[in-house]
Amino acid sequence: MSDVAAPPPGQPADDGRLDLVATGARFLRWCAIVIVTVLVAEVAARGATSGSTEEIRWYDAAAQQRIDLLDARGDSVEVAFAGTSAAWQAFVPSEFADVTGQRSINVGLAGAVPTVMGPWLVDEVAPRTSPDVVVWGLTPLDFAPEYGDLQEEAYESAVETADGWLADLDRSASSVSTLVAWRRVLRSPSDLFGSGETQRAADLADAAAVTGPDGERVDFDVDVTPQGEAIQRSRLAGFDVDRHDVEAVTDAILELQADGITVVLVEVPVPDRFVAQLPQPDRDLAAARSAIVEIGEATASDVILMGGAFGDTNFVDDIHVDAATAAQTTRWLGEILSGWARSPAPADGADPCGVVDVVDEFGFVIPIDVCRMATSR
């Protein structure tokens, strides 16, 4: 007599085989539970974040706001001004339009050394606006070996500019899910409602306050202090032209040129007190200028050297021009480029470098060193 109990009436005997119908039903129930849980969490996340300040997913708050401006301008942009905050402040699109009639935008960023500005231009600016010309402003800070590592790390770790398939997956999921997009903030109540929320709002407000209508920087508060000088000296310590930065500029230009974009390199004006902070002022300034010319030669890009065009009184701090000087710098740039557009390039074999005279607000003639490297414009 068998010890196996008979199944209840109406239930088939257990023959050891998997009941696919029952298993499938359990699986579907679990899927339904997971889907409902995710939907409830998604609705809750959208409700919790509906009144919160947006998360900063780009290099910084100014970069995030610039993306909105780039998307709004689109293909209407003919010229894009680029560089660190020195170039961000030095070039005013409205002044450029007055001289050239061209529509421009300033996409400079604070601390945007070549390893930041290169991918910013190639991956974000060019695809959104397709400018005809990029004017890349450079100073010795762009080539300083002790400056830029933190900025590069910030750019590479930002949500929207991080590399890798996980970063791509995150961005794709974030585009459709608030829960995914805001997960970093949702983990901490202080980030959502407290100090983190306050800091995000302050960062975005500060960026908006110092950004003009065409992206230019408009922070003209005078700030000449010993603390500022000490910070600048630390950035310039042990100055020597960093070849990694030279390569970053060169590589970015070649990629832009492959997309039909012309690049003009401009040495942005710096004050005498900035030059004095270089370890070996004359040698180091000459090395930075030589690096700019070298890049121009390697990429057939025109070069305009304005570094020594102004004195200390034309700057609000150790590197940023004042409002009047920003306007003057931009107008000179527009005049030089307009003149080149009307005149033939140097003949083959001729020295591409020379001097262009510009006139300041007092009627004084200022010589500007230039090199016309481009074979055509």
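The structure under discussion appears in the preceding block.
Residues numbered from 1 in each chain as written. Predicted model: local features only at pLDDT ≥ 70, side-chain atom pairs only at ≥ 80, totals over all residues. Heavy atoms only, no water.

Visitor: An account of the sheet that holds strand E4 (residues 262-267) is requested, with residue identities and associated values reported.
Guide: A sheet is described by the order of its strands in space; here seven strands give the open sequence E2-E1-E3-E4-E5-E7-E6, paired in mixed fashion. The sheet is open, and its two edges are formed by strand E2 (104-106) and strand E6 (353-359), each paired on a single side. Direction aside, neighbouring strands of the sheet carry axes that sit 25° apart on average. Alignment of strand E5 (residues 302-305) against strand E7 (residues 365-371), held across three bridges, turns out to be antiparallel. What sits directly across from Ile-304, in E7, is Val-370. Lying over the sheet, helix H5 (residues 114-129) contacts strand E1 (79-82) and strand E3 (133-138), oriented at roughly 165° with respect to E3. (Pairing = 2+ DSSP bridges. Helix = DSSP H or I, 4+ residues; strand = E, 2+ residues; numbered from the N terminus. Axes fitted to C-alpha atoms, helices over the stretch in contact; angles between N-to-C directions. Contact = heavy atoms within 4.5 Å.)

Visitor: Kindly report on the state of the cysteines, identifying the contributing residues and their values.
Guide: Tallied over the full model, the rule gives one disulfide. Here Cys-353 engages in a disulfide with Cys-371; their sulfurs sit 2.0 Å apart. Because the torsion about its S-S bond is 105°, the bridge between Cys-353 and Cys-371 counts as right-handed. Of this pair, Cys-353 sits in strand E6 while Cys-371 sits in strand E7, and the two are 18 residues apart along the sequence. According to the relative accessible area criterion, Cys-371 is buried, its value standing at 5%. (Disulfide = S-S within 2.5 Å. Buried < 20%, exposed > 50% of the residue type's maximum accessible area, 1.4 Å probe, protein only.)

Visitor: Outline the pattern of salt bridges, supporting the account with residue identities and numerical values.
Guide: Inspection of the entire model under this criterion finds 15 salt bridges. Of the charged contacts, one joins Arg-331 and Glu-95 as a salt bridge, the two residues approaching to 2.9 Å between their closest N and O atoms. With Arg-331 in helix H16 (residues 323-342) and Glu-95 in helix H4 (residues 93-100), the pair connects residues that are 236 residues apart, well separated along the chain. Assessed through its relative accessible area of 30%, Arg-331 is described here as partly exposed. For Glu-124, the salt bridge is made with Arg-128, and the minimal N-O distance between the two is 2.7 Å. (Salt bridge = Lys/Arg side-chain N within 4 Å of Asp/Glu carboxyl O.)

Visitor: Now, about the packing of H4 against H16: what can you tell me, with residues and values included?
Guide: Where H4 contacts H16, the axes come no closer than 8 Å and their chain directions differ by 35°. The element H4 and its partner H16 pack so that their crossing is right-handed. Note on element contacts: H16 touches H4 through Ala-327, Thr-330, Arg-331, Leu-333, Gly-334, Glu-335, Leu-337 and Ser-338, opposite Glu-95, Phe-96, Asp-98, Val-99 and Thr-100. (Left-handed = near helix turned anticlockwise from the far one by under 90°.)

Visitor: Tell me about the pairing of E3, and name the residues and values.
Guide: The two faces of the sheet receive side chains in turn, since in a regular strand these alternate between them. Burial analysis of E3 places six of its six residues in the buried class, which makes it a mostly covered element. Burial along E3 is two-sided: Val-133, Val-135 and Gly-137 and Val-134, Trp-136 and Leu-138, pointing in opposite directions, are all buried. For E1 and E3, the ladder comprises four bridges, and the chain directions are parallel. Within E3, the position partnered with Ala-82 by the bridge is Trp-136. Both E3 and E4 contribute to a ladder of six bridges, which runs parallel. When the sheet's bridge partners are listed, Leu-138 is paired in E4 with Glu-267.

Visitor: Give me the pairing of E5: which residues, what numbers.
Guide: Covered by surrounding structure in E5 are Asp-302 and Ile-304 together with Val-303 and Leu-305, the residues of both alternating faces. Pairing geometry for E4 and E5, over four bridges, is parallel. Note that in E5 the partner of Leu-265 across the bridge is Val-303.

Visitor: Could you give an account of the side chain of Thr-115, with specific residues and numbers?
Guide: By the secondary structure assignment, Thr-115 is in helix H5. Residue classification places Thr-115 among the buried residues on the basis of a relative accessible area of 13%. A polar side-chain atom of Thr-115 sits 3.4 Å from a polar atom in the side chain of Glu-152. Residues within four places of Thr-115 in sequence aside, it is in contact with Glu-152, His-244, Asp-245 and Ala-248. (Polar contact = N/O pair within 3.5 Å; in protein donor to acceptor, adjacent residues only side chain to side chain.)

Visitor: If you had to explain a nonpolar patch on the surface to someone new, which residues and values would you point to?
Guide: Taken together, the side chains of Trp-165, Leu-166 and Leu-169 make up a nonpolar region of the molecular surface, amounting to roughly 390 Å² of accessible area. Topologically, Leu-169 is positioned in helix H7 (residues 165-174). (Patch = residues over 30% accessible without salt bridge, like charges linked within 9 Å, V, L, I, M, F, W, Y side chains within 5 Å. Areas by Shrake-Rupley, 256 points an atom, 1.4 Å probe, with all protein chains shown as cover.)

Visitor: Mind laying out the environment of Gly-111, listing which residues take part and the relevant values?
Guide: You can see Gly-111 is positioned in the loop between E2 and H5. For Gly-111, a relative accessible area of 6% gives the class buried. Separated by 26 residues in the primary sequence, Gly-111 and Ser-85 have C-alpha atoms spaced 6.3 Å apart. Apart from the residues lying within four places of it in its own chain, the contact partners of Gly-111 are Tyr-59, Thr-84, Ser-85, Tyr-147 and Gln-151.

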